[in-house]
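Results of the structural survey
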Amino acid sequence: MKNKIFDNLFVLELSNNHWGSLERGFKIIDDYSKVIRFRGVKAAIKLQFRQVDSFVHKDFRDNESIRYIKKTLDTELSWKEYEAMVQRISSKGLLTMATPFDETSVDKCVEFDLDIIKVASSDIKDWTLLEKISDTRKPVVISTGGSSVEDIDNVVSFFNKRNIPLAINHCVSLYPSNDSDLELNQIDFFVDRYPNNVIGFSSHEKNSWDTSMHMSYAKGARTWERHIDIDYEGVPVSPYCSLPHQIDMWFKAFLKAREMAGGSNNSRRVISQEEIDYLNQLVRGVYARKNIKMGEKIAEDNIYLAIPLFKGQLSSRELMEGMTLKHDIKSDIPIYIDDVEVDGLEASYAVSEIKNRGLNKDELT
């Protein structure tokens, strides 16, 4: 189900980049909010919510050999700190968003009144969690990394049947991703398969912040996601994370792609007067091949077509058999709409168009 909240939405994920530091989290929010405001784009800053006490089994909390568990414990925040970060995001005029990894975290999404909930690629078949998320009735974004078509169909059907706004992100769960990993043609596949949903692109690439944006926009993606970080206090930045100046490049690429793509893709574009005037310069006007008497009909042997075309002059576009001259016309003189009598040109809009196109002969030197 489509929803305007997803249209041209950028999701910037803090993930665990704040390293469990509220101060660092605040600085990330503050630094990126300036870039967002400067470029005038719509953006959400996304957190990751976990009830760590229950999320990590008690018997493995001291096992540092399991990388994901160690990282989760090292970056743990209290719910009070999470709430403070949500408030900080909201105070900057940004949308609030989180990926909840357990049921308690879903409750916190409601308690903190988040705008959007994200379902991670790893949880696309976690029906206990999905049921809980659907009960909130909040807009949902899912990432599809590593999922089968059947799994994606199931979760899309689940949310669509409940009339819950859903965006579907093409995602390759490689951190970081190389250009050859991106599989951007999957956007075409999703746009065709799920026409009632906004399709997006969640990227972990490390090489470009403009090429994939141009391509994904042209293919129909309308929401995008990247991990973000800052160069602060000597903490290494993961290669799949973007820095503020790189996100600024990303936003600029979007603005350029949108400018180049233009308006609606489901109706004919509005043709500018500038374009019409340019093309009218290439339209051939009707000229007398020889002296033509009043009452004679215009025919192939007494006229020719050439540029330039003058205001009010007949052109090749409306030249018809049976046009009769109202008065004498000399050789090589333009033949104007007012010089002929003919059925079919009486419509005021047609006559007006003819009289207002082409060059003004009086202004020629």
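In what follows, the accompanying structure is described. (Residues numbered from 1 in each chain as written. Predicted model: local features only at pLDDT ≥ 70, side-chain atom pairs only at ≥ 80, totals over all residues. Heavy atoms only, no water.)

What follows is about the state of the cysteines. In this structure the tally under the stated criterion is zero disulfides. This cysteine, cysteine 171, is not joined by any disulfide, and cysteine 241 carries the nearest cysteine sulfur, 14 Å off. With a relative accessible area of 5%, cysteine 241 lands in the buried category. (Disulfide = S-S within 2.5 Å. Buried < 20%, exposed > 50% of the residue type's maximum accessible area, 1.4 Å probe, protein only.)

What follows is about the pairing of strand S8 (residues 223–228). Most of S8 is tucked away, with six of its six residues classed as buried. Burial along S8 is two-sided: Thr223, Glu225 and His227 facing one way and Trp224, Arg226 and Ile228 facing the other are all buried. Pairing analysis gives five bridges linking strand S1 (residues 9–13) to S8, with the strands arranged parallel. By the bridge assignment for S8, leucine 12 is matched with arginine 226. In the classification by handedness, the crossover that spans strand S7 (residues 198–202), the intervening helix H9 (residues 211–219) and the parallel S8 is right-handed. (Helix = DSSP H or I, 4+ residues; strand = E, 2+ residues; numbered from the N terminus. Pairing = 2+ DSSP bridges. Right-handed = clockwise from strand over helix to strand, strands pointing away.)

Within the secondary structure, aspartate 102 sits in the loop between strand S3 (95–100) and helix H5 (103–111). Put simply, aspartate 102 is tucked away with no salt bridge, and the nearest opposite charge, on arginine 50, sits 6.6 Å away. (Lys, Arg positive; Asp, Glu negative; His and termini not counted. Salt bridge = Lys/Arg side-chain N within 4 Å of Asp/Glu carboxyl O.)

This brings us to the environment of alanine 98. Positionally, alanine 98 belongs in strand S3. In sequence terms alanine 98 and glutamine 48 are 50 residues apart; their C-alpha atoms lie 5.3 Å from each other. Dropping the residues within four chain positions of it, alanine 98 is found in contact with Lys46, Leu47, Phe49, Cys109, Leu114, Ile116, Ile117 and Lys118. (Contact = heavy atoms within 4.5 Å.)

Counting across every chain of the model gives 19 salt bridges. Two residues, glutamate 225 and lysine 118, come together in a salt bridge whose shortest N-O distance is 2.8 Å. Separated by 107 residues along the polypeptide, glutamate 225 in strand S8 and lysine 118 in strand S4 (residues 116–119) bring together distant segments of the chain. With its nearest N and O atoms 3.6 Å apart, the salt bridge here joins lysine 125 to aspartate 151. Of this pair, lysine 125 sits in the loop between S4 and helix H6 (127–136) while aspartate 151 is found in helix H7 (residues 149–161), placing the two residues 26 residues apart along the sequence. One salt-bridge network, held together by shared partners, links Glu13, Lys46, Lys118 and Glu225.

Turning our eyes to something else, we now look at H6. Inspection of H6 places Leu129, Leu130, Ile133, Ser134 and Thr136 among the buried residues, and these make up the whole buried set. Seen along its axis, H6 keeps its buried residues to an arc of 145°; they face one direction. Opposite its buried face, H6 presents the exposed residues Thr128 and Asp135, each directed more than 90 degrees away. Looking at the buried residues of H6, the elements they touch are S3, H5, S4, strand S5 (140–143) and H7. Just past H6, the residue arginine 137 takes up positive phi, approximately 65°. (Arc of directions from axis to C-beta.)

The next thing to look at is the packing of aromatic side chains. Under the counting rule described, the total for this entry stands at 19 aromatic pairs. Aromatic side chains phenylalanine 10 and tryptophan 224 sit 5.2 Å apart centroid to centroid with 25° between the ring planes, which places their arrangement in the stacked category. Of this pair, phenylalanine 10 sits in strand S1 while tryptophan 224 sits in strand S8; the two residues are 214 residues apart in sequence, bridging distant segments of the chain. Taken individually, phenylalanine 10 and tryptophan 224 each receive the classification buried, so the pair is uniform in this respect. Ring geometry for phenylalanine 10 against tryptophan 250: centres 5.0 Å apart, planes inclined by 75°, an arrangement best described as edge-to-face. Here tryptophan 250 lies in helix H10 (residues 244–261) and phenylalanine 10 lies in strand S1, a separation of 240 residues in the sequence. What makes phenylalanine 10 buried here is its relative accessible area of 0%. Within the aromatic cluster, the residues linked to one another by ring pairs are Phe10, Tyr217, Trp224, Trp250, Phe251 and Phe254. Across from the ring centre of phenylalanine 26, 4.2 Å away, lies the NZ or CZ of arginine 88, which sits over that ring. Note that lysine 361 overlies the ring of phenylalanine 310, its terminal NZ or CZ placed 5.4 Å from the centroid. (Phe/Tyr/Trp six-rings, centres within 6.5 Å; stacked < 30°, edge-to-face > 60°. Lys NZ or Arg CZ within 6 Å of the ring centre and 35° of its normal.)

Omega for the peptide link from tyrosine 175 to proline 176 comes to 0°, which places this bond in the cis form. Residue position: proline 176 is located in the loop between strand S6 (166–171) and helix H8 (185–193). Cis geometry is adopted by the peptide bond preceding proline 308, which originates at isoleucine 307 and carries an omega value of 10°. Within the secondary structure, proline 308 sits in the loop between strand S11 (303–306) and strand S12 (324–325). With a phi close to 65°, arginine 137 is a non-glycine residue in the positive phi region. A residue is classified by how much of its surface remains accessible, and arginine 137, at 47% relative accessible area, is partly exposed.

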